[in-house]
Amino acid sequence: MAGHLKKNNIEQFIVVHPGGGAMKNFYLKRWPPERFAAIVKQLAEQLNFQIIIVGGNNESDLKELVIRTSGLLRDRQIFNLSSNIQNTAEIIRRSRLVIANDSLIAHIAGSVGTYVIALFGPSDQHPTGPYTTNSSLICRRPASIKAYKHGAKHMSLQQGDCMNLITIEDVLGETKNVLRNETLGC
């Protein structure tokens, strides 16, 4: 995987995972792809990061939608990584930061020590978030909406709509805070 990074001149990069949850109606745990596209565009153009989009084979269309919508230059500013889980974990380990939905990718980032900003809507972020202090868990679900409990048959549309309460400014602001604190050595 290091060869892939070197071959494509990928040095300063952030990993983004717009997918997660292929079973049941877990697609409701995904932040809108247009918002991921807006974030990656700002990270590339304002902060000069290259972006690597990761996800499973069943997320190919979603990854391509984010890339197209972002308007970034493919294989220059933004890359679509299709790889096995071991290579994905190595890419995550080498990245400056991971931005992901409530998903396996967020947990991998936590396990390899890479800072992760994980986005939560339906699920309760405290018991299900990555087991690391190297994370920011963003959730805007109002107290009036019960969190989805893992093991339940389905999550409600009302629970899923909580992902729409997370703004681009929430994620970009947290990303800038994390990068600023990392630079200061905090």
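Look up: the structure comes first, before these words.
If you're wondering where the values come from, they're calculated on a predicted model, not measured in any experiment.

Caption draft 1: Looking closely at the packing of aromatic side chains. Applying the stated criterion to the full structure yields one aromatic pair. Relative to Phe36, the ring of Trp31 has its centre 5.1 Å away and its plane inclined at 85 degrees; by these criteria the two rings are edge-to-face. Take Trp31 and Phe36: they sit in the same class, and that class is buried.

Caption draft 2: View of the pattern of salt bridges. For the structure shown, the criterion picks out seven salt bridges. Residues Lys41 and Glu45 are paired through a salt bridge, measuring 3.0 Å at the closest nitrogen-oxygen approach. Taken together, the residues span about one helical turn, with Lys41 and Glu45 both in helix α2 (residues 33-45) at a distance of four residues. Glu90 is paired through a salt bridge with Arg93; the nearest N and O atoms lie 2.6 Å apart. In this pair, Glu90 and Arg93 both sit in helix α4 (residues 85-94), three residues apart, roughly one turn of the helix.

Procedures and definitions
Residues numbered from 1 in each chain as written. Predicted model: local features only at pLDDT ≥ 70, side-chain atom pairs only at ≥ 80, totals over all residues. Heavy atoms only, no water. Phe/Tyr/Trp six-rings, centres within 6.5 Å; stacked < 30°, edge-to-face > 60°. Buried < 20%, exposed > 50% of the residue type's maximum accessible area, 1.4 Å probe, protein only. Salt bridge = Lys/Arg side-chain N within 4 Å of Asp/Glu carboxyl O. Helix = DSSP H or I, 4+ residues; strand = E, 2+ residues; numbered from the N terminus.

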